[in-house]
Amino acid sequence: MVMKETGLYEDKRTENGRLLPIYCGTQYNDGIGIVNAHYHEYIEILYVIEGENEIWLNGEYYQFKKGDMVLINSKEVHLIRCGFGCYIVVQFMPDLLFSSYQEQSDFQYVLPFLLETAKHQKIFTAEELEGSRVKELLYSLNEEMDKKRYGYEMAAKILINQIFLWVLR
């Protein structure tokens, strides 16, 4: 982790100093704890497998529990109060959602997630996710990043884009 001048900036880098384009893992909490206020270039998704947590985003606290998903914009300062349980953490660079080959108009879909002050929906409850493939996609993404089978980077990009498309719609 690299901390910039503010002490809040966080990033994950490879051995050669490059930013990881995608990070995915499971965070286990064995009691009440706090992930201090921080921000990063990544868009971040949290999906609660077990337990209840609280997150501070844009000056407001939100509860999120088993089956809920949280979407955190790039550069958005956030703080998490963790309870017992675990959640999947997905962090990815915003440019993963678009490429130079796409239409310029596609950028309009990504732009709100690059602005830390954007007011789009941040918490998706288990009820809202019911009937969607989001949980399945997140578990598949976690497995791809854990097992690192041949082509896992491509699979991870596809899964993230499918999750993001669900969020947009």
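Residues numbered from 1 in each chain as written. Predicted model: local features only at pLDDT ≥ 70, side-chain atom pairs only at ≥ 80, totals over all residues. Heavy atoms only, no water.

A. Molecular detail of the packing of aromatic side chains. Evaluation of the coordinates by the stated rule reveals three aromatic pairs. Judged by centre distance (6.3 Å) and plane angle (75°), the ring pair of Y47 and Y139 falls under edge-to-face. Placement of the pair is Y47 in strand β2 (residues 43-57) and Y139 in helix α3 (residues 134-147), with a sequence separation of 92 residues. We classify Y47 as buried; its relative accessible area is 5%. Taking relative accessible area as the criterion, Y139 reaches 35% and is therefore assigned partly exposed. (Phe/Tyr/Trp six-rings, centres within 6.5 Å; stacked < 30°, edge-to-face > 60°. Helix = DSSP H or I, 4+ residues; strand = E, 2+ residues; numbered from the N terminus. Buried < 20%, exposed > 50% of the residue type's maximum accessible area, 1.4 Å probe, protein only.)

B. Summary view of unusual backbone geometry. Its identity is not glycine, yet K75 carries a phi of approximately 65°, on the positive side. In this fold, K75 is placed in the loop between β4 (69-72) and β5 (78-92). Phi at K148 takes a positive value of approximately 50°, unusual for a residue other than glycine. Mapped onto the elements of the fold, K148 is located in the loop between α3 and α4 (152-168).

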